[in-house]
Amino acid sequence: MTMDATALPSELLVTPQPLVGFCGLDTARQAVHKAVWEAFSGSLQRKAAERAAVQYKLLPGNYEFPVAKPKRASYEWYHPKGVLKRNWMLKHLHVLPSVVVLFQDMEWNDAQWTEKQVQCAGIVQALKNALQERNTRLCLVLLQKAAPLPPGEDLLAAERAASLTTACGITSKMLFILPHTEHLTGYALRLESAFLDMAQSYYALMSKRIRNHRDQLTSAHTTLKIRHQFKLGFVAEMRQDLSTAQKYALLPVFVCLKTLYPYALYFRHYMQAYANLDEIHVNDVNCLEIKTIAGFLNYKICRLKFKLKTPRDAINQFIIHVEKYKPRVGFKDLAFEHYAWMSTQHSVFAELFCEAIKNGLPALQTQHPGIYYHKAAEYVMKRRDAAQQAYGTVLAAAEGTSSGGPGPGPNASLFTEFFGIRAVKTGDPIAEQQANVQLCELERSYNHSSGIIALLSQAMAQFKIYKCLRFRKKLAVDMAEEYLKSGDHAKALTLYSLMLPDYRQEKWATIFTDVLLKTLRCALLSGSIADYIACSVEALSLRHQGEQAERILLLENLWQVFQGLPPMNKTQLTPEAQALWTSALASVKSPIQIDLDKVNDVLEMCATFERVQLNNDDVLQLQLIVRVLTDVPLRIRNFHVILADAANPQNSYKLEALKYFCFPSLTQLRAQQQEREKLAKLPEEPQAFEKNMRLEPGSYYQLLCTTEAQQFHENTQLRIVRLEAHMGSDQVAALLTCSSTYTRQPFRHHTRSRDLDDNVTINPICYIAPTFHLATQTHLGHGHGNASATEEAAVVSTRMLVNEYYPVVTTVSNPYNVYLQNVGVHISVPVGLRNMVFLTTDISPGRQKLHAQIQIDVGELSAHGSNTATFYIFSLAETEIKLQQRLSYTLDVDNGGPNAGGGGSLSGNRISTSPSSSESTPDHEVKSVPQSLAAISPVQIEYLDETRLRKSREDTLTLRCHGDFKFSARFYTLNRKSLAQVYRGENFLLRANTEVLAVDDVEILDSFFICVGSTLNLRTVLRLMSLYPMQDHNLVQSNYSFKQKKYSNRYCAGDQLESVIVLRTNANLRDWTTARDLDHRGKLEGKSTSSKFIRSPPAKVGQDEASAAPTPPAGMSAYMSKSLTAKIPTTMTIINSNSAVSNALQAANAGLPSEEGNLGEDSAATAAPAANQEGPKTTRLVYNKALEAVQGTGHCRGFIKGIYTLEESPSAVPIFGVFCIRWRRANGKEENESKFVISGLEIAEPPLNIYCTIEEKMFVKMPMAFKVVLKNPTTHVLHLIANLSISKTDNFICSGHKQLDISIMAYEEKELVYNLYPLQVGWQELPVLSLEYNTKADPQKNDSQNALLDELVQRALPKRVFVLVSHPSWETHCPRLLTIFPSPQPPLKQQNK
C-alpha cells in the first residue's frame, strides 16, 4: 500500500456513474446472452453520444453483496475514527449496484412455462434475501425470440405476465421484455433509460437518508458533517440529476453558473465540505488526514471550475488551497510526506489543466500546465532531501530504542480503513517510532529521480509549446543533473551537450561554466573520449571562471588522454569508470574534431595570401597567424591550411606550415611586414616548426606555407576554406578547426595596434592567372598602319569606306618555348551589326562569300614562330564597328597537372572536405565566386582530356567605317521641266548626281544605270524583279547625247559628278510584266522563259503585297529551285540607296530564315558560325559587280534575285532601276562597286504618245528631216488636227502639210515628216507643231482634253536647235537620223537637245 500523500485514489479521479448489475447471463456459453451483454456494455455502443453514462457489471450466480450495517438511532455519543472510509467510494462504484437486473429465457407460449416460472421466482427471492436492508432496485427481463404484440392483443402474454409478477412478488413496472431480433440495440436503448430511472430513484433515496443523518448532527460532529457533505456530493454526481442539485444553489456564484451549467450545481456539497474543514483544529496527529481530505475536495472543485470554463477561479482556488496547507507539515521526521502531498497536488492540477486545454481552453506563457509540473518536480526534490534527512534521524533514534519492545511485522499495515490515518497507538512513543522507521523504509524504496525526470519532461513539453525556450533550457539542465544524480551519465551527457551551444551563444558565463564542468564530469564518468577532450579544451578558456591551477590540472589530464591513459589515477576513478575508459581508449577514432568557431578564446588562427594574384610559374606563399588566448601554454603537433578551388569546391588542397616567426606583440609583426615589403624578401630566415611545439600565451606566431602555383589549375581562384591545428599524439589527437573568415571584434580597441586586421592585410582569395601563349598584331587597311587588337581605335593609313572590302591582316606569334596546336582566329560581327557588316576571306572575282563570323585556321606554331591571318570587312553603313576576335589553341600538358603533388609544402594531392560542424556554416561554403572569374581574366581554359587543354581569349577590334558617295536622282521632261508624273510610253530624263564623300582619294572607273522594272515593296527582300540590260519588259533605257566628264582622274571628298539618262515606260503599274507572267507566257508558247529562278514569298507581308505577287505552283517552284542550284553559283547583289541600311537588312534576315537554304551548295558550305556565338547566324553570297549579276541571270530574260532596300515604311511607287558606280582607291587594284536604288514615279495612262526625231547635227543651208510620230495607245480611234506654224520666216524654209486632219486607229501610229532648210547659224527656233481633237468627227472631245493634248506636245517636241556652219567633210561623217522608237524597233543613238 502506498502512502495517502503520494497519489489520489483512482476511484476519486473517475467520473462517478450509476452501477447496474446483470444476473442470469451466461456469456461464455450462449451467444444470445453475449449479444445482449455487448448491446449494453459494448465499447462502440458506450461511445455513442445518445447513450447514458451508466456502468454495467456482470454478476455471477454466487455473487455476494455487501452486508448492510445496523441502523444507528442517534449520533449523540458517536465519535468517528476518521472522516472518510477507504472502501466507501469503491463499494458504490464497483461493488453495490443500484439496480439488479435478472435475465431469463422465457417465451409466453413455452410448454414448460410453469417450471420456469417457479425457477424464476426462486431466483428473485434469493436476490431479495441477499439485498436485505438495501434499497437496491430489482427488475426482471424476459429474453424472447419474437417481438411482443401491441398491448391488449396477446391475452396469453397478459395472463402469464400477471401470474409471473405475482409469483415473483414484483410489480408489472419491474417486468420487461427484450426480443433478441435484428433490432436488439434499439430495444437495449429503451431498456437502458428504464434502468437509469430506477437507478435515479435508488440514489435519490440514498441522498435522502444521508441528509436525514446529517440533520441529526450537532456542532460537535464536524467530522461527520464533512463526511456527509462529501457523500451527498458524490451521490449527486452518480445521480446526474439536476432537480435535486438546484435546491442547494444558495451561493451567488452558483446562481450565476446555474443558467450556464446547471449539471454542476451538485458540487456545492464539496465546497461546503471544504469549508467545514476549517472548523477542525489541525495538529500533528490529524494533519495528514485533513490534508488528504482537503486534496480530495480541492480536486473535485478545480475540476468543476475547469468544466465551467472559469480557469482563473480554478487557479485561484488551487493557489489558496496550496497556500493554506503549505505550512501544515505535520511531524518533522515525516516532512517528506508533506512534500509528497504538495507534489501530488501540483501534478494532479497540471493534469486537470492539460485536460481543459484539450477541451478548448486557451493558455498563456504565464499560466500553463508546465509551471505546475515544474513545481511538482521541485517538491519531489525537496521530498528526497527530507527523506534522506529523516532516514538518518529516525534510524539513529530507532537503534537507541530497539530493545524497548518488539517491532512491527514485515506485513504490518501502516494505515487504517480511513484515509490519512495511520494504524499507530496514540501516545505510544515506541509504536510511533517503529511506524516512522517503516515509513522511512517505504520512502527509501521510492525512485525519486525517475519521478523528477518524468515531471520535468512533461514540464519541458509544455514550455516548448508555449515558446518559453529559456526556461525549457533550464529544465533540460535540471533533468541532466537528475540523470547525473541517478547514475545515468550517458543521458546526462547527452542533455548537457545539447544545452552547451545555447548557453555558449548567449554568453551566460556563469551558467555556461557550470554546465561545461558538469558536462566534463559526465564525460569522465561515462568514458566519452570525444566529449572529454572537447570540454577540456574549451575549459582552458579564460572566459570560464576558474583558477590557473585548475586549468593546468585540466591540461595535464588532457595530455593523459592523448597518451592513451585515463585522465585520472585508478584510485580516483570507480571500477566501472575505469572499465569504460579502458574500452573507449582501445576503440577511439583519432583525430577528434573540435570546431574553434564554437569554442571561444582558446586558440586564434587567421590565414592570408601574400599576393592576391599569381602567375602559373610563381610561388604561392601563405601566412598563418596564431595566438594562444588562454594563460597556459599549448603544444601543437602541426598546422594545416585547407584551400579550395572556387570553380570546383569539392576539390581541396592541404598545405602544411613548416616555418614560423615568433613576435611578442602585433607591433613587431607589423614592423616585420613593412620591412619585408621594402626589401621584397624576408629580413631573416624563419625557424623550422617542430612537432608538439610549445606555444606560449600572448605571443603571435607567424607560420609560413609555400608551394608552387603550377600545382593548381590556371584561371582559378583559390580560397582559404579551413584552418587546422593538430594537438595530441599518434594514439589520440584533437583536430582544432576554424573557418578562414576573419571576424572583427564587436568592440574595437582605441589603440589600433591591438587589432589584428589593422596590422596585417588579410587576403582570403588568391587568383592563379592563366598564361596565354599567343600575341597578336593587327594591320588595318591598305597601308602599313597597325594597332593592337585590344585597343579601342587604331591609327591606320587608309580608312574604311562603305561598300569596300577592307583588308585586315593579323599577325599571330608564339613568344614562348611551347608547341601550340590548332591555332585559330575566330572573328564575329556583333548582333547589333548583323546584316550590315560582313566578313570574308576570299575576294576573287565572282566568289565573294560574306559571313557574319569566320574561322581562320592558322595551324601549328612552334616556339617563337608566327603566322598571318587575313580577312576582309564589308560594311553597308557608316558606323563604328567593334568586331569580336577570339584566339584559341590547344596545348599538351603533363599527366599530373594540378593533381601532381609537387614540391613545396603541398601535403597530399587533394583532400575531400568531409562535412563537419565548421563546414556546415555559410562561412565555409564557396559560393558566388565562379561568377567573378570572367571579370578577372578574359582567358578561358577547357580541359579536353587529361593531357590536352584548350585556351582561348576574346579581344575587341574597333574601327570606323566612313561614307563613299552621296547619291541623288531627279526626273525631268525632255524640255528640262521637273517631272512629278510620267505617262506610259513617254520619254523622260533621269539626272543622277553623285558627290564624293570618301576621306581618301578614289578613282571612278565607270557608272551606269540598270533598268529594274519592279512594283515590289521596298521592304521586301529576296523578291524577284525583271531586268533587261538595255530594253526591259517594263522600262526602256536610251542613250543620251550628254557631254560628261571622263572617269579617269582622281576624285577627293567634295567632288561632284552628274549623269543624264533617257527612259521610257512601256506599261503602267497594273500591266507590268513579272516573272510569273513571263513563265505563263512561255508555257503558252511551249517553253519556259523564267525557269531559272523562283519567286519566293516575302516574310510577313500584307494582304495587298501577297495579292500583287502570287506564289507559283509547287511543282514549278521545285523545278526553278533545282535550276537555280545547278546553274547559278551566286544569287544576290547588295544595293544601298540611303543611310538606313541596317534596319532593312535586319528585317530581311529576321524575316526570311528559310531562304538561306536556297542559296546553293557553295553558300551552304561557307556558313560555319561558331557554336558559342549568339544572335542570328547568316552567310551571304554577294555579287560585287552588278553587270556580272545580270549576265549570270540569263541576259534578256533573267531576274536578279534579291535587292536589299533600306526604307522603313512601304511605298507604292515602283523601282525604276539601280545606279552603279565602279571605283577603286587611288593607286589601288581592288575594284569596288556602290549601288543605289532609284525609286520611280507614278505612271499614268496617256491619251496620245508623241515621239520626235531630228538629226543630231544641223548645218546651215543643208536640208534635214523633222519627223513626228503619233501613236494611239488607247482602244479608240483618235481624230486629230495637226497645224505647223513658223514664227520667224527667215529661220527655216519648211516643206510639208501645214494643216492636216489625222485619224489614228487603236494602237496604230501616224508619221508627220517635214523637211527643214536652215537659213541662219546658231540657236534657232523650230517650227511649232500643235495638235487638237477634231470635234466634228469626235463630238465627245472638249477644250479640257485639248489642253492635256497640248501639254503632251510641249513635253515631247523640242523648241530650238543649234545650226552649225556647213563643211564639206562633215556630210560624209555625220549619221543620217537619230530617232527614239518604241520597242521592238531598233534604237538610234541620241535625241538632240
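As the structure is a prediction and not an experimental result, all values here were calculated from the model. (Residues numbered from 1 in each chain as written. Predicted model: local features only at pLDDT ≥ 70, side-chain atom pairs only at ≥ 80, totals over all residues. Heavy atoms only, no water.)

For the rest of this paragraph, the subject is the overall build of the protein chain. Helices and strands together make up the secondary structure of the protein chain, namely 33 helices and 54 strands. Put simply, the protein chain has 1393 residues, and 50% of those count as buried. If you take every contact in the protein chain between residues at least 6 apart in sequence, the share linking residues at least 24 apart comes to 77%. With the model as given, the accessible surface of the protein chain reaches about 66,000 Å², and the carbon-plus-sulfur share is 51%. (Helix = DSSP H or I, 4+ residues; strand = E, 2+ residues; numbered from the N terminus. Buried < 20%, exposed > 50% of the residue type's maximum accessible area, 1.4 Å probe, protein only. Contact = heavy atoms within 4.5 Å. Areas by Shrake-Rupley, 256 points an atom, 1.4 Å probe, with all protein chains shown as cover.)

Our focus in this paragraph is the sheet that holds strand 48 (residues 1278–1285). The strand order across the open sheet built from three strands is 50-48-53, with neighbouring strands paired in antiparallel fashion. With partners counted over all chains shown, the strands left at the sheet margins are strand 50 (1299–1304) and strand 53 (1328–1333), one partner each. Across the sheet, the mean angle separating the axes of adjacent strands is 25 degrees when strand polarity is ignored. In the sheet, strand 48 pairs with strand 53 via six bridges, with the strands oriented antiparallel. Note that in strand 53 the partner of Asn-1283 across the bridge is Ser-1330. Here helix 32 (residues 1343–1356) sits on the sheet and contacts strand 48 and strand 53; the angle it forms with strand 53, its principal contact strand, is near 150 degrees. (Pairing = 2+ DSSP bridges. Axes fitted to C-alpha atoms, helices over the stretch in contact; angles between N-to-C directions.)

The next thing to look at is the pattern of salt bridges. As a working rule, side chains carrying opposite charge can pair if their charged atoms are close by. Inspection of the entire model under this criterion finds 36 salt bridges. Glu-337 is the salt-bridge partner of Arg-422, the closest N and O atoms lying 3.1 Å from each other. With Arg-422 in the loop between helix 15 (369–400) and helix 16 (429–444) and Glu-337 in helix 14 (residues 335–358), this residue pair connects regions lying 85 residues apart in the sequence. Linking Arg-1225 and Glu-804 is a salt bridge whose minimum nitrogen-to-oxygen distance equals 2.5 Å. Taken together, the residues span a long stretch of sequence, with Arg-1225 in strand 42 (residues 1215–1225) and Glu-804 in the loop between strand 22 (800–801) and strand 23 (806–813) at a distance of 421 residues. (Salt bridge = Lys/Arg side-chain N within 4 Å of Asp/Glu carboxyl O.)

Glancing now at the pairing of strand 18 (residues 733–739). Most of strand 18 sits inside the fold, with seven of its seven residues counted as buried. Here strand 18 shows a buried face lined by Ala-733, Leu-735, Thr-737 and Ser-739 and a second buried face lined by Ala-734, Leu-736 and Cys-738. Note: strand 17 (residues 716–728) against strand 18, seven bridges, orientation antiparallel. Across the sheet, the residue bridging to His-726 is Leu-735, located in strand 18.

Further remarks concern helix 23 (residues 575–586). Here helix 23 contains 12 residues, and its C-alpha end-to-end distance of 17 Å stays within 8% of the 16 Å for a straight helix at 1.5 Å per residue. Restricting attention to buried positions, one finds in helix 23 the residues Ala-577, Gln-578, Trp-581, Ala-584 and Leu-585. Each buried residue of helix 23 sits inside an arc of 130 degrees when the element is viewed along its axis, so together they form one side. Seen from the open side of helix 23, the exposed residues pointing more than 90 degrees away from its buried face are Pro-575, Glu-576 and Ala-586. (Expected span 1.5 Å × (residues − 1). Arc of directions from axis to C-beta.)

Next up on the list: helix 4 (residues 87–95). Taken as a whole, helix 4 has its buried residues at Trp-88, Met-89, His-92 and Leu-93. One face of helix 4 carries all of its buried residues, which in axial projection span an arc of 115 degrees. Packing partners of the buried residues in helix 4 comprise helix 1 (10–13), strand 1 (19–23), strand 2 (55–58), helix 7 (184–215) and helix 8 (222–239).

Here we come to the confidence of the model for the protein chain. Per-residue confidence for the protein chain averages 77 on the pLDDT scale, and 75% of its residues sit at or above 70. Every residue in residues 1014–1031 scores below 50 in pLDDT, and together they form 88 contacts with partners more than four places removed in sequence or on other chains. Segment residues 1192–1209 is flagged for pLDDT under 50; beyond a separation of four residues in sequence, or across chains, it makes 79 contacts in the model. (pLDDT = per-residue confidence, 0-100.)

Mapping Ser-450 onto the fold places it in helix 17 (residues 448–465). When the C-alpha atoms of Ser-450 and Tyr-483 are compared, they prove to be 8.7 Å apart, with 33 residues separating the residues in sequence. Separated by 2.9 Å, the side chain of Ser-450 and the backbone oxygen of Asn-447 make a polar contact. (Polar contact = N/O pair within 3.5 Å; in protein donor to acceptor, adjacent residues only side chain to side chain.)

So, on to the environment of Asp-1301. Structurally, Asp-1301 is set in strand 50. Sequence-wise, Asp-1301 and Asn-1283 are 18 residues apart; in three dimensions their C-alpha atoms are separated by 9.1 Å. Apart from residues no more than four positions distant in its own chain, Asp-1301 is found in contact with Leu-1280, Ile-1281 and Asn-1334.

Another aspect to go through is the sheet that holds strand 16 (residues 700–708). Taken in spatial order, the five strands line up as 7-9-16-13-14 in an open sheet, and their pairing is antiparallel. The sheet terminates laterally at strand 7 (603–609) and strand 14 (687–688), the two strands that pair on one side only. Bridge count for strand 9 (residues 619–628) against strand 16 is nine bridges, and the pairing is antiparallel. Across the sheet, Leu-620 pairs through a bridge with Thr-707, a residue of strand 16.

Moving on, we come to the nonpolar core. Within soluble globular proteins, side chains that are nonpolar generally end up buried alongside one another. Residues Ile-533, Leu-603 and Phe-639 are the most contacted members of the largest nonpolar core, which totals 189 residues. For Leu-603, the contacting residues outside a window of four places in its chain are Leu-596, Val-626, Arg-627, Val-628, Leu-629, Leu-634, Ile-636, Phe-639, Ala-725 and Leu-736. (Core = buried A, V, L, I, M, F, W, Y, C linked by side-chain atoms within 4.5 Å.)

Right, let's talk about the pairing of strand 28 (residues 866–875) for a bit. Summarising the sheet, strand 23 and strand 28 pair through eight bridges and their orientation is antiparallel. Pairing of Thr-811 across the sheet is with Thr-868, part of strand 28.

What follows covers the environment of Lys-324. Relative to the assigned elements, Lys-324 resides in helix 13 (residues 311–325). Lys-324 sits in the partly exposed class, given a relative accessible area of 27%. Sequence spacing of Lys-324 and Lys-291 is 33 residues, and the spatial spacing of their C-alpha atoms is 9.9 Å. Apart from the residues lying within four places of it in its own chain, the contact partners of Lys-324 are Tyr-274 and Asp-278.

Running from N to C, helix 18 (residues 469–486) and helix 20 (residues 509–526) point in directions that differ by 35 degrees, and their axes come no closer than 11 Å. Here helix 18 and helix 20 pass one another in a crossing that is left-handed. Counting all contacts with helix 18, which are made through Val-477, Glu-481 and Leu-484, the residues of helix 20 involved are Val-515, Lys-518, Arg-521, Cys-522 and Leu-525. (Left-handed = near helix turned anticlockwise from the far one by under 90°.)

Attention shifts here to the packing of aromatic side chains. Evaluation of the coordinates by the stated rule reveals 42 aromatic pairs. A centroid spacing of 4.9 Å and a plane angle of 75 degrees characterise the contact between Phe-349 and Tyr-372, whose relative ring orientation is edge-to-face. Of this pair, Phe-349 sits in helix 14 while Tyr-372 sits in helix 15, and the two are 23 residues apart along the sequence. One exposure class covers both Phe-349 and Tyr-372, and it is buried. By way of ring pairs, the aromatic residues Phe-22, Trp-37, Phe-40, Tyr-56, Phe-103, Phe-176 and Phe-195 are connected into one cluster. (Phe/Tyr/Trp six-rings, centres within 6.5 Å; stacked < 30°, edge-to-face > 60°.)

Turning next to unusual backbone geometry. The phi torsion of most residues other than glycine is negative, and most of the peptide bonds are trans. With omega at 0 degrees, the peptide bond leading from Ser-590 into Pro-591 counts as cis. Examined against the element boundaries, Pro-591 turns out to sit in the loop between helix 23 and strand 6 (592–595). You will see that Arg-976, though not glycine, has its phi angle at about 70 degrees, which is positive. The residue Arg-976 is located in the loop between strand 32 (965–972) and strand 33 (981–983) in this model. When its relative accessible area of 38% is taken as the criterion, Arg-976 is described as partly exposed.

Across the interface, helix 5 (residues 113–130) lies against helix 6 (residues 155–168) with an axial gap of 8 Å and an inter-helix angle of 35 degrees. Helix-helix and strand crossings are classified by hand; for helix 5 and helix 6 the assignment is right-handed. Facing helix 5, whose interface residues are Trp-113, Gln-117, Cys-120, Ala-121, Val-124 and Lys-128, helix 6 presents Arg-160, Ser-163, Leu-164, Ala-167 and Cys-168. Residues belonging to the contact of helix 5 with helix 6 are distributed by class as follows: seven nonpolar, two polar and two charged. (Nonpolar A, V, L, I, M, F, W, Y, C, P; charged D, E, K, R; others polar.)

With that out of the way, let us pick up the side chain of Asn-436. Within the fold, Asn-436 resides in helix 16. The exposure class assigned to Asn-436 is buried, which follows from its relative accessible area of 12%. Leaving out residues up to four positions away in the same chain, Asn-436 has contacts with Leu-334 and Val-394.

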